[in-house]
Amino acid sequence: MQTLLRTPLFERHVAAGARLVPFAGWELPVQYAGVIEEHRAVREDAGVFDVSHMGQLHVEGPRAAELLQGLLSNDLDRIGDGGAQYTLLTNERGGVVDDLIAYRLGAHRFLLVVNAANRERALGWVKERELRGSEVTDVSADYALLAVQGPRAIERLGLPDAPAFTHAMGELDGVETLVCRTGYTGERGVELMCPAEDAGALWDAVRARGVAPCGLGARDTLRLEVCYPLHGQDLTEETDAISAGLGWTCALEKEFTGVAELRRIRAAGPKRRLVAFVMEERAVPRTGMAIEGGGVVTSGTHSPMLDVGIGMGYVPVAAAAEGTELTIDVRGRPRRARVVRKPIYRKES
């Protein structure tokens, strides 16, 4: 039986009455007060997630940028020191080994934050391709990571405004932290990285400012409302970036692993696309459900904000246009859905 890993905040989750579940080899909170309440806290105010299970890799040395430019789909030259970039680690077929965020810490220093389930795979992939003059180190155990998200997140933390996808060192109530203007909910907010031994103090400081604790359940419903893909479901090593609607993350003018195949798919056009949909009948779609005509649901849930079943899935290109009606096999019963423009949920202006 596998022994589950625990983040430095495990005891605080237990004390707060969190319901704990296995996830990617970790024992993590799925909810505290409840998924809907936590979801609404993030959409309307602010919530904090313990995402310390995410992997952190340091890539350093005079050839660090050269190494990453040859492995990652996006163009690191587009960001300077203090910048961050969403990008893909791709294989020779253009498949997605992992989707991640790369932070440029300096001219020769980078931080990659990778998915927990893919940490060893991503580490091995980059480590095996090290260039002389570059070094890849797994520093995941050294740090804790808190995601504070919501329209009042910056206000509650007392932080100054800053552009999205930037980062800088800062301090929160005496705790030194790397403040990253990134997140996975579609809301304003930050991800706070600090040494593992400071995690409890940082969590307490955030909570004392009136930020609600949130679990994996709300994290999943939030990301799906705004159509952020989840690796292992919407993205895999068998799915390419073009079909997944992530062509914008691929700098096809540069050379990186799998670029030739991605150029071919872009030129010929993909055979299927990852679409967003809303149920037209009362039903909740789930991963793996068949879509009539050769499609499949990759992510599905009930939207707390829209009070309707929503999801994403791959369908043939002919069925991918906005407004197209889909038929989904929901536990043996055909249920109608409609393709919609991403994101599924938009705040009223």
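Please refer to the structure placed before this passage.
In this text the structure is predicted, and so the values were computed from the model without any measurement.

## Section: unusual backbone geometry
Cis geometry marks the peptide bond from K342 to P343; its omega dihedral reads -5 degrees. At A24, a position not held by glycine, the phi torsion is positive, near 55 degrees. Of note, A24 is situated in the loop between β1 (19-23) and β2 (26-31). On the accessibility criterion, A24 (38% relative accessible area) is partly exposed. The phi dihedral of R331 is positive, around 50 degrees, even though this residue is not glycine.

## Remarks on the pairing of β1
Regular strands place side chains that alternate from one sheet face to the opposite one. Sheet topology note: the β1/β2 ladder contains 5 bridges and is antiparallel. Residue pairing for β2: L20 is matched across the bridge by P29. Hairpin remark: β1 followed by β2, antiparallel, with 2 residues in the connecting loop; positive phi at A24, about 55 degrees.

## A look at helix α6 (residues 199-208)
Turning to α6, its buried residues are A199, G200, L202, W203, A205 and V206. Taken from the residues just after α6, G210 is the one with a positive phi, measuring 85 degrees.

## Points about the pattern of salt bridges
Under the criterion given, the structure shown has 28 salt bridges. The salt bridge involving D204 is made with R12; its shortest N-O contact spans 2.8 Å. A residue pair is termed long-range when its members are at least 10 positions apart, and D204 in helix α6 and R12 in helix α1 (residues 10-15) qualify at 192 residues. Overall, R12 belongs to the partly exposed group, its relative accessible area being 33%. One salt bridge in this structure joins K347 and E187, with 2.8 Å as the shortest N-O distance. Of the two residues, K347 sits in the segment after β19 (333-340) while E187 sits in the loop between β11 (175-180) and β12 (189-195), which places them 160 residues apart along the sequence.

## Notes on helix α8 (residues 259-268)
All of the buried residues along α8 are V259, L262 and I265. In a view along the axis of α8, the buried residues occupy a sector of 120 degrees, so they form one face of it. Projecting away from the buried face of α8 at angles above 90 degrees are the exposed residues A260, A267 and A268. Phi turns positive one or two residues past the end of α8, at G269, with a value near 90 degrees.

## Brief notes about the packing of aromatic side chains
Going through the model one piece at a time under the given rule, you end up with 2 aromatic pairs. One residue, R6, lies across the ring of F10, its end atom 3.9 Å from the ring centre. The ring of Y314 is capped by R272, whose NZ or CZ atom sits 4.1 Å from the centre of that ring.

## Re the sheet that holds strand β10 (residues 167-172)
With mixed pairing, the 6 strands of this open sheet are ordered in space as β10-β11-β12-β9-β3-β13. Both edges of this open sheet fall to β10 and β13 (212-214), since each of them pairs with a single strand only. Neighbour-to-neighbour, the strand axes of the sheet open up by a mean angle of 30 degrees, direction not taken into account. The sheet contacts of helix α2 (residues 35-44) involve β3 (47-50), β9 (143-149) and β13, and relative to β13 the element is tilted by about 120 degrees.

Analysis parameters
Residues numbered from 1 in each chain as written. Predicted model: local features only at pLDDT ≥ 70, side-chain atom pairs only at ≥ 80, totals over all residues. Heavy atoms only, no water. Helix = DSSP H or I, 4+ residues; strand = E, 2+ residues; numbered from the N terminus. Buried < 20%, exposed > 50% of the residue type's maximum accessible area, 1.4 Å probe, protein only. Pairing = 2+ DSSP bridges. Salt bridge = Lys/Arg side-chain N within 4 Å of Asp/Glu carboxyl O. Arc of directions from axis to C-beta. Phe/Tyr/Trp six-rings, centres within 6.5 Å; stacked < 30°, edge-to-face > 60°. Lys NZ or Arg CZ within 6 Å of the ring centre and 35° of its normal. Axes fitted to C-alpha atoms, helices over the stretch in contact; angles between N-to-C directions. Contact = heavy atoms within 4.5 Å.

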